[in-house]
Each structure stands twice: as C-alpha cells, then as structure tokens.
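# Summary of the model geometry
Listed here are the chains, written in short residue letters.
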Amino acid sequence: MSDKLPVIVLVGRPNVGKSTLFNRLTGTRDALVADLPGLTRDRQYGSGVHENRAFVVVDTGGLMPESADPLAALAEEQARMALEEADHVLFLVDVRQGRVPADEAIAKHLRKLGKPLTLVVNKSEGRPRAEASADFFALGLGEPLTISAEQGQGVHQLLTAVLEVLPAIAPEPENDDGGVRVAIVGRPNVGKSTLVNRLLGEDRVLAADHPGTTRDAIAVPFEYDGHPYTLIDTAGIRRRARVWEAVEKFSIVKTLSAIERAHVVIAVVDAQNDIGEQDAKLLGLIAQRGRAMVLAVNKWDGLKPDEREQVRYQVSLKMPFLDFAPLHFISARHGSGLGELMQDVQTAYESTTREFSTPELNRILEAAVEAHQPPAVLGRRIKLRYAHQGGRNPPRIVVHGNQTEKLPESYKRYLANQFRAALALKGVPLLLSFKTGDNPYKDKKNELTGRQIKKKRRLMARVKR
Ligand SMILES: Nc1nc2c(ncn2[C@@H]2O[C@H](COP(=O)(O)OP(=O)(O)OP(=O)(O)O)[C@@H](O)[C@H]2O)c(=O)[nH]1
Ligand SMILES: Nc1nc2c(ncn2[C@@H]2O[C@H](COP(=O)(O)OP(=O)(O)OP(=O)(O)O)[C@@H](O)[C@H]2O)c(=O)[nH]1
C-alpha cells in the first residue's frame with residue numbers, strides 16, 4: 001500500500017497517439033460531469049480510474065530534451081520529474097509508420113531509465129495482433145501490446161495488466177474518527193506552509209517531522225474550533241521544518257495524491273502575485289476528481305484598497321468553479337479569515353458526504369421538470385422519471401428517463417443547479433448521470449394510452465358534431 005497514486009507515464013514520438021490515449025485514460029470521469037463549466041483541462045496531467053483504482057497519467061509530450069521553447073521549460077521539468085516518479089512507462093509506437101530510428105533512440109533512453117515498461121503498438125485497429133507487433137520485437141523491450149487508442153480496443157486490457165502489478169493507494173477508512181481529511185494545495189510560495197502552521201500551531205509541524213514515511217506520519221490530526229481534522233500529505237511542509245534540507249520541488253503527482261485522499265481541498269492562491277493559468281489548472285484537477293473545495297486567496301494583508309479591488313476582479317475573471325467553490329480572502333501570516341475558511345471546509349465536507357433520500361430527490365426532479373420541461377427531440381419529448389443517489393464524495397445523482405442521451409448540456413446544467421440549490425450543496429461539484437429507462441414495456445404502455453386518448457378525443461368530437 002502506498003500514499004502516492006500510481007503514476008503511468010506516456011512517452012513516444014510526436015503523433016503516435018499519446019494525447020488520444022491520455023484522453024481515453026482520463027476521460028471516463030468527464031462523461032459524468034455536467035456541472036463544471038470552465039474546466040481547464042491539463043493536457044499533461046490527469047487522473048483516471050479503472051475498476052475502482054485511481055491512478056495518475058502523465059503525457060510527457062516532448063520527452064526528447066532538446067526543446068528550444070523557454071516557456072516549455074517548466075513543462076519539461078515536470079515531465080522529467082514525472083519520469084522519475086513513474087511507476088510504469090507506456091512507450092507508444094505507431095504501427096502505420098512501423099519502427100523508425102527515433103523509436104530506437106527512445107527505447108535506448110528507456111532501457112537506461114530502468115523503469116517497468118510496456119511497449120504499446122497503437123493504431124492497430126483492423127490488424128491481427130501478431131502482424132501488428134512483429135516489427136517491434138526488435139526494440140528489445142519484450143512483447144508489445146496492441147491497441148487502438150482512438151477506438152478503444154485493447155485499452156481495458158492494457159490498464160488491467162499495468163495496474164495489476166502496481167501498488168494500490170491505500171483506501172481511506174469510511175468511518176475513521178480523524179474528522180475531515182483536508183489537503184492544502186497550491187503553487188509554490190503561495191503560503192501553504194504558513195497556513196498549515198497557523199492551523200496546526202508550530203509545535204505540531206515539528207512533532208510530525210519524524211524520519212520514515214509511514215502513513216501516520218504524513219496524515220496529521222488536529223483540532224480547529226472544536227472540530228477534528230486530519231491534514232493530508234504534509235510531506236513538503238515537514239521537509240521545510242528541517243532547514244538544512246533542500247526545499248521540496250513542487251510535484252503535481254504529490255498534489256494529485258493528496259487530492260485523492262482528501263475530503264476537502266483548500267486551494268491556495270497568492271493575492272500578491274499573478275493569479276493565472278497554473279492556478280486555474282490546479283483547480284481543474286481538483287474539480288475533475290470531484291473533490292469538495294474551498295478557495296483561499298492568501299496574503300490579503302498589506303494590500304491597498306484599489307489593489308484589493310484589482311485582485312477581486314482578477315479572481316472573478318480567471319478562477320473557474322466559483323459558482324460552487326466558496327471564496328475566502330485570508331492572511332495566513334496574521335491568521336485573519338481562517339475561522340470562516342474552516343467553517344466552509346466543514347460545510348463542504350457535510351455537502352460531499354451527505355446522504356439524500358430518494359423521495360427528496362424525486363420531489364426536486366419533479367419540481368424542476370414542471371418548472372421547465374426538457375425539450376422534445378424529433379417530436380418526442382424527453383422524459384425524466386426518477387432520481388436516486390449514485391454515490392458520495394463527490395455526490396452523484398442518477399436520473400432515469402428516456403432519450404436522456406439527447407438531453408442538451410444546458411438542460412443538464414439547469415438540473416444540476418436545481419439539485420444544488422434545493423439540497424443546499426456548497427463547496428462541491430455535483431455529478432449528474434443519466435440513464436435511459438430499461439423498462440420498454442412501460443414506455444409502450446404509455447404510448448398506447450396516449451394513442452387511445454387521441455382516438456377517444458376523435459370519437460368524442462364526432463359525437464359532438
Ligand atoms: N487510426 C488511428 N489513428 C489514431 C489512433 N490514435 C491516435 N490516432 C491519430 O493519430 C494522430 C496523432 O494523435 P495524437 O494523440 O495527437 O498524437 P500525440 O502522440 O499526442 O502527438 P503529439 O502531440 O504531436 O506528441 C491523430 O490524428 C489521431 O487521431 C488510433 O488508435 N488509430
Ligand atoms: N504578506 C504575506 N506573506 C505571506 C503570507 N503567507 C505566507 N507568506 C509568505 O510567503 C512566502 C511563502 O510562504 P510559504 O508558506 O513558504 O509558501 P508555500 O506555499 O508553502 O511554499 P512552497 O513550500 O514553496 O510550496 C513566505 O515568505 C511567507 O512568509 C500572508 O498571509 N501574507
């Protein structure tokens with residue numbers, strides 16, 4: 001068991017299908033999300049789930065180190081770190097192009113790296129397995145697996161094979177008494193350590209700073225305003241307490257692992273520095289995972305009124321998910337705003353772990369449909385019949401009906417908003433999924449009744465005449 005999510009890293013020449021596979025591996029969750037307008041997807045990092053096991057996928061994009069673009073430097077740095085952190089490397093090649101010299105060069109690099117690796121022959125649709133893989137045995141990386149990233153063939157088997165041999169992240173106990181599991185995430189230097197110190201008190205951070213990375217050491221229990229919490233993944237923070245040790249590098253994999261284990265994520269941004277794309281991407285990763293979140297705009301002290309106005313404007317412009325994530329302006333240094341922040345962490349926790357009663361959900365659905373009918377498709381009205389809860393953390397509601405696959409996004413959003421408001425959810429994305437009814441008999445009966453009614457009306461009309 002591990003505290004870190006297993007990391008699967010995609011490498012390969014340009015155009016072999018890395019981003020297509022990336023989307024397939026990370027996309028499953030998006031299909032459910034109706035409530036995340038403004039989701040900025042990171043093209044490089046994503047989380048995925050396969051048979052209840054969460055993992056991180058990294059698309060290294062340009063693995064070859066000769067990138068000339070200085071803006072790509074941070075991405076390069078992250079890609080190299082990802083390769084270091086990789087638990088498994090998927091080396092993609094393109095069956096249509098066959099084995100080319102650049103593949104040989106990457107193979108050589110990967111052999112030196114010595115990480116567990118699977119050679120994946122992509123674009124193999126319509127080809128017998130033996131034929132597709134024949135050319136690539138010569139890379140000396142063992143037996144290739146053949147897939148079609150575009151059509152999905154072989155992807156399930158690939159994931160099963162890879163995850164089987166990887167350590168699983170330890171599942172969090174459902175009912176431990178450690179209270180709300182909180183992760184504090186944000187770019188370097190936004191003030192995470194300062195905030196943690198404020199919440200825990202200096203002594204506690206040092207107390208947690210024992211060598212050896214047992215799980216308990218990196219989940220630190222604390223109390224705030226009489227509520228119990230557990231702080232997840234203080235690894236970076238512990239290191240910091242030992243001044244002689246190098247400051248830990250910002251790691252997206254660690255951040256994703258902390259998000260995975262948390263009930264509520266406090267996303268910290270820095271009011272005294274540009275709030276921008278990196279921050280928005282981080283929020284995207286939290287939301288994509290369906291985690292409850294509270295936004296903290298830190299370093300609010302020492303700003304003049306017009307500067308505050310400017311920051312408020314920037315935040316409203318650049319931060320996605322403000323329609324569900326509560327926003328707080330705080331000073332970790334002075335401790336201001338923390339009480340309200342933690343109150344919303346509690347509320348978000350309650351929202352994300354709550355159980356809804358089925359009659360309650362059905363009442364809300366009925367009222368929503370009555371106030372605003374779903375549209376008709378080709379003359380047939382989309383019907384939404386009943387709802388039930390499909391899961392917690394994040395809350396998921398399943399709505400049954402017919403032709404639900406034809407529901408427009410705008411209507412899904414409308415429904416999500418109705419549920420959100422009626423259930424008073426705060427700080428958490430709501431996942432809605434739709435199922436088209438599997439009771440065709442019932443549908444037919446309804447249609448028949450409809451026809452019968454019309455027939456009756458015609459008869460009545462005749463009688464009147
Ligand atoms: N026929 C076929 N085409 C595919 C498959 N997977 C990807 N492609 C196509 O191959 C092209 C390149 O795919 P990408 O996923 O962008 O490749 P990439 O490796 O991410 O490329 P870079 O971003 O340049 O590194 C696209 O036109 C895809 O539609 C597949 O399984 N079969
Ligand atoms: N003015 C002001 N400065 C702050 C505040 N919080 C943190 N800082 C300063 O910002 C700098 C970075 O704070 P840290 O807490 O180390 O930031 P971090 O996010 O943990 O940084 P990394 O460990 O690099 O990820 C330090 O110099 C802090 O003193 C605040 O509320 N107001």
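Each value, and the rule that gives it
Residues numbered from 1 in each chain as written. Chains lettered and ligands numbered in written order. Predicted model: local features only at pLDDT ≥ 70, side-chain atom pairs only at ≥ 80, totals over all residues. Heavy atoms only, no water. UniProt positions renumbered as here; feature names shortened; annotations may be inferred. Salt bridge = Lys/Arg side-chain N within 4 Å of Asp/Glu carboxyl O. Helix = DSSP H or I, 4+ residues; strand = E, 2+ residues; numbered from the N terminus. Buried < 20%, exposed > 50% of the residue type's maximum accessible area, 1.4 Å probe, protein only. Pairing = 2+ DSSP bridges. Axes fitted to C-alpha atoms, helices over the stretch in contact; angles between N-to-C directions. Contact = heavy atoms within 4.5 Å. Core = buried A, V, L, I, M, F, W, Y, C linked by side-chain atoms within 4.5 Å. Domains from an automatic or database assignment. Expected span 1.5 Å × (residues − 1). Arc of directions from axis to C-beta.

As recorded by an unreviewed UniProt entry, the chain carries the name GTPase Der and is attributed to Solimonas aquatica. According to the UniProt record, the Sequence similarities (unreviewed entry) comment for the chain is "Belongs to the TRAFAC class TrmE-Era-EngA-EngB-Septin-like GTPase superfamily. EngA (Der) GTPase family."

Let us look at the pattern of salt bridges. In the structure shown here, the tally under the stated rule is 13 salt bridges. A salt bridge links Lys 123 to Asp 94; the nearest nitrogen and oxygen atoms lie 3.1 Å apart. In this pair, Lys 123 sits in the loop between β5 (117–122) and α4 (129–134) while Asp 94 sits in strand β4 (residues 88–94), placing the two residues 29 residues apart along the sequence. According to the relative accessible area criterion, Lys 123 is partly exposed, its value standing at 22%.

Turning our eyes to something else, we now look at the sheet that holds strand β17 (residues 431–436). Read across the open sheet, the 3 strands follow the order β15-β16-β17; overall the sheet is mixed. The sheet is open, and its two borders are formed by β15 (383–391) and β17, each paired with just one other strand. Strand-to-strand twist of the sheet, defined as the mean angle between neighbouring strand axes without regard to direction, takes the value 25 degrees. Sheet analysis places strand β16 (residues 396–402) next to β17, joined by 6 bridges and oriented parallel. Residue pairing in the sheet places Ile 397 in a bridge with Leu 432 of β17. Along the sheet, helix α14 (residues 358–371) makes contact with β15 and β16, crossing β15 at roughly 145 degrees.

Looking now at the nonpolar core. Judged by nonpolar contacts, the single largest core of 56 residues is most densely connected at Phe 91 and Met 293. Per element, the largest residue contribution to this core is 6 residues, and it comes from helix α11 (residues 277–288). Two domains each donate at least three residues to this core, and these are domain 1 (7–164) and domain 2 (180–353). When sequence neighbours within four positions are dropped, the list of residues in contact with Phe 91 reads Val 11, Gly 12, Asp 103, Ile 106, Ala 107, Leu 110, Thr 118, Leu 119, Val 120, Leu 139 and Leu 141.

Here we come to the pairing of β15. Of the strand pairs in this sheet, β15 and β16 are connected by 7 bridges, and their pairing is antiparallel. Paired with Leu 384 across the strands is Gly 401, a residue of β16. Counting the residues that bridge the hairpin from β15 to β16 gives 4 residues, and of these Asn 393 lies at a positive phi of roughly 45 degrees.

A separate point is α14. Think of an α-helix as turning once every 3.6 residues; residues three or four places apart then point the same way. Here α14 spans 20 Å end to end across 14 residues, near enough to the 20 Å set by a 1.5 Å rise per residue. Buried within α14 are the following residues: Leu 361, Ile 364, Leu 365, Ala 368 and Val 369. For α14, the arc enclosing every buried residue in end-on projection is 130 degrees, short of the 170-degree limit, so these residues lie on one face. The outward face of α14, more than 90 degrees from its buried face, is lined by the exposed residues Pro 359, Arg 363, Glu 366, Glu 370 and Ala 371.

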